[in-house]
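Okay, here's what each chain looks like letter by letter:
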Amino acid sequence: MIATEGTHMHTALVTGGSAGLGLALARDLAADGWHVVVDARDAERLAAAVGPLQGTVTAVAGDVTDPAHREALAARALATGRLDLLVHNASTLGPTPLPPLSDLDLAGFDDAWLTNVVAPLALTQLVLAALRDAGGILVGISSDAAVEHYEGWGAYAASKAALDQVVLTLGAENPQIAAYAVDPGDMRTAMHQAAFPGEDISDRPLPESVLPALRTLLRTRPATGRYRAAEFAAGTAGPAGPVGSSAHVVTA
């Protein structure tokens, strides 16, 4: 996908945009001429993260599990006049340190389910018509835990497997869009560190290393399905659009 179509700027909505892969993707798309709408729970952290970005960025602070926040987030995205890309990146591990399922606090499982499954579906419902009109792309950031079985990862894994089903079923039901469950692989992020407290994860690649694969996926637009970023690792980012000379950040 290119950044502009005629005189209309492409719009992306990326949840969890204050750090990690969400921030890296927002930075990349904004610099490529997209209008990027992002959210995160911590208002100060979100403003500090997106403030230096090049391009047009709308930051909407709030918790994606909050219906009122989802309404506000959807409204800001739809106010741009189109929606070309929706990326469900906001996520939680659930209780940490990661417990075996036999000891899992069910309230913690509820939190993982609401954040990783219910919120993405509810947000998609709010903007699906616009995404269909634009022939856009729906992306759920998945994990190998959605298809593999790791001790202690049960709550997160179950929620990511469910997210895969939600995203890909939406794709099957709405042929006007492309829908992808994308496993980015291990990354050096705060959430990954929380899964391995006290361990050195500096050998994991930075989230920015995943961007060429994601941009290749968006540009080539393969059939709706589940993909690993490594499958697109040899690709390069799509054609660059106009790059803003300074950030235009709108906060809400």
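The coordinates are above.
Residue indices begin from 1 for each chain and proceed along its sequence in written order. Given that the model is predicted, a residue must reach a pLDDT of at least 70 before its local features are reported, and side-chain atom pairs must reach 80 or more before they are shown or counted; all residues, however, enter totals for whole chains, interfaces and linings. Based on all heavy atoms of the structure, the side-chain values leave hydrogens and waters out of the count.

Participant: How would you sum up the pairing of strand S8 (residues 178-183)? Please name residues and give values.
Facilitator: For each residue, the accessible area found with a 1.4 Å probe, counting protein chains only, is set against the maximum for its type, and the residue is called buried under 20%, exposed over 50%, and partly exposed in between. For helices the rule is a DSSP run of H or I covering at least 4 residues; for strands it is a run of E covering at least 2, with both sets numbered from the N terminus onward. Counting buried positions over the 6 residues of S8 gives 6, a clear majority of the element. Both faces of S8 are covered, namely the face carrying Ala-178, Tyr-180 and Val-182 and the face carrying Ala-179, Ala-181 and Asp-183. With strands facing away from the observer, any crossover in which the path from the first strand over the helix to the second runs clockwise is taken as right-handed. Handedness of the strand S7 (residues 137-141)-helix H5 (residues 154-173)-S8 crossover: right-handed. DSSP-based pairing: two strands are paired if at least 2 bridges between them are found. Examined bridge by bridge, S8 and strand S9 (residues 225-228) share 4 bridges and lie parallel to one another. Directly across from Asp-183, in S9, lies its bridge partner Arg-228.

Participant: Account for empty space enclosed by the protein, naming residues and giving values.
Facilitator: The rolling of a water-molecule-sized probe over the atoms marks out the regions of remaining empty space. The definitions used throughout rest on a 1 Å grid laid over the protein atoms alone, on which a cavity is an enclosed set of points accommodating a 1.4 Å probe that cannot get out and a pocket is an open set flanked by protein within 12 Å on both sides along at least five of seven lines; lining residues are those having an atom within 4 Å of a point. Grid points are joined across faces, edges and corners, and a volume is the space filled by probe spheres set on the points. Enumeration over the complete set of coordinates arrives at 2 cavities of 30 Å³ or more. Empty space within the largest cavity amounts to approximately 50 Å³. Leu-25, Leu-85, Val-87, Val-139, Ile-141, Leu-214 and Leu-218 are the residues that line the largest cavity. Of all the secondary structure elements, the ones that give two or more residues to the lining of the largest cavity are strand S6 (85-88), S7 and helix H7 (211-220). A per-class count over the lining of the largest cavity returns 7 nonpolar, no polar and no charged. As a volume, the second largest cavity reaches approximately 40 Å³. Forming the boundary of the second largest cavity are Thr-15, Val-64, His-88, Ala-90, Thr-115, Ala-119, Pro-120 and Leu-123. It is helix H4 (residues 106-133) that contributes the most residues to the lining of the second largest cavity, 4 residues altogether. Residues are sorted three ways: Asp, Glu, Lys and Arg are charged, Ala, Val, Leu, Ile, Met, Phe, Trp, Tyr, Cys and Pro are nonpolar, and all the rest, Gly among them, are polar.

Participant: Now, about the nonpolar core: what can you tell me, with residues and values included?
Facilitator: Grouping buried Ala, Val, Leu, Ile, Met, Phe, Trp, Tyr and Cys residues that are joined through side-chain atoms within 4.5 Å yields what is termed a nonpolar core. Within the largest apolar cluster, 36 residues are counted, with the highest numbers of intra-cluster contacts made by Val-36, Val-38, Leu-85, Val-139 and Tyr-180. Residue contributions to this core peak at 7 residues, all from helix H1 (residues 20-31).

Participant: Give me the packing of H1 against H7: which residues, what numbers.
Facilitator: Convention adopted: a line fitted to C-alpha atoms gives each axis, helices being fitted over their contacting stretch, and angles between N-to-C directions are expressed from 0 to 180 degrees. Axis separation between H1 and H7 bottoms out at 11 Å; the angle between their running directions is 60°. Comparing their axes, H7 and H1 come out oblique. Remark: the crossing between H1 and H7 carries right-handed chirality. Between H1 and H7, the contacting residues are Leu-21, Ala-24, Leu-25, Asp-28 and Leu-29 on the first element and Leu-211, Leu-214 and Arg-215 on the second. Of the residues that constitute the contact of H1 with H7, the class distribution is 6 nonpolar, no polar and 2 charged. Each angle gets one of four labels, with under 35 degrees taken as roughly parallel, over 145 as roughly antiparallel, 65 to 115 as roughly perpendicular, and the rest as oblique. Helix crossings fall into two classes, left-handed where the near helix is turned counterclockwise from the far one by less than a right angle and right-handed where it is turned clockwise. Contacts between residues were defined by any pair of non-hydrogen atoms, one from each residue, lying within 4.5 Å.

Participant: Give a detailed account of the pattern of salt bridges, specifying residues and quantitative values.
Facilitator: Salt bridges, as used here, are contacts in which a Lys or Arg side-chain nitrogen is within 4 Å of a carboxyl oxygen on Asp or Glu. One pass over the full model with this rule turns up 5 salt bridges. A salt bridge links Asp-32 to Arg-215; the nearest nitrogen and oxygen atoms lie 2.4 Å apart. Of this pair, Asp-32 sits in the loop between H1 and strand S4 (35-40) while Arg-215 sits in helix H7; the two residues are 183 residues apart in sequence, bridging distant segments of the chain. As far as the burial class goes, Asp-32 and Arg-215 line up, both buried. Several salt bridges converge on common partners, so that one network encompasses Asp-28, Asp-32 and Arg-215.

Participant: Could you give me a rundown of the side chain of Thr-92, with the residues and numbers involved?
Facilitator: As for its position among the elements, Thr-92 is in the loop between S6 and H4. Thr-92 sits in the buried class, given a relative accessible area of 16%. Here Gly-94 takes part through its backbone nitrogen, which lies 3.3 Å from a polar atom of the side chain of Thr-92. Side-chain atoms alone can form a polar contact between residues adjacent in sequence; in general such a contact is a pair of N or O atoms within 3.5 Å, and within protein one must be able to donate a hydrogen while the other accepts it.

Participant: Which residues make up the side chain of Asp-39, and what values go with them?
Facilitator: If you trace the backbone, Asp-39 turns up in strand S4. Here the positive residues are Lys and Arg and the negative ones are Asp and Glu; neither His nor the chain ends is included. Within the buried core, Asp-39 has no salt-bridge partner, and the shortest N-O distance to an opposite charge, that of Arg-41, equals 8.3 Å. Looking at Asp-39, its side chain comes within polar contact range of the side chain of His-69, at 2.7 Å. With near-sequence residues (within four places) excluded, Asp-39 lies in contact with Val-14, Thr-15, Gly-16, Gly-17, Ser-18, Leu-46, Val-60, Gly-62, Val-64, His-69 and Leu-73.

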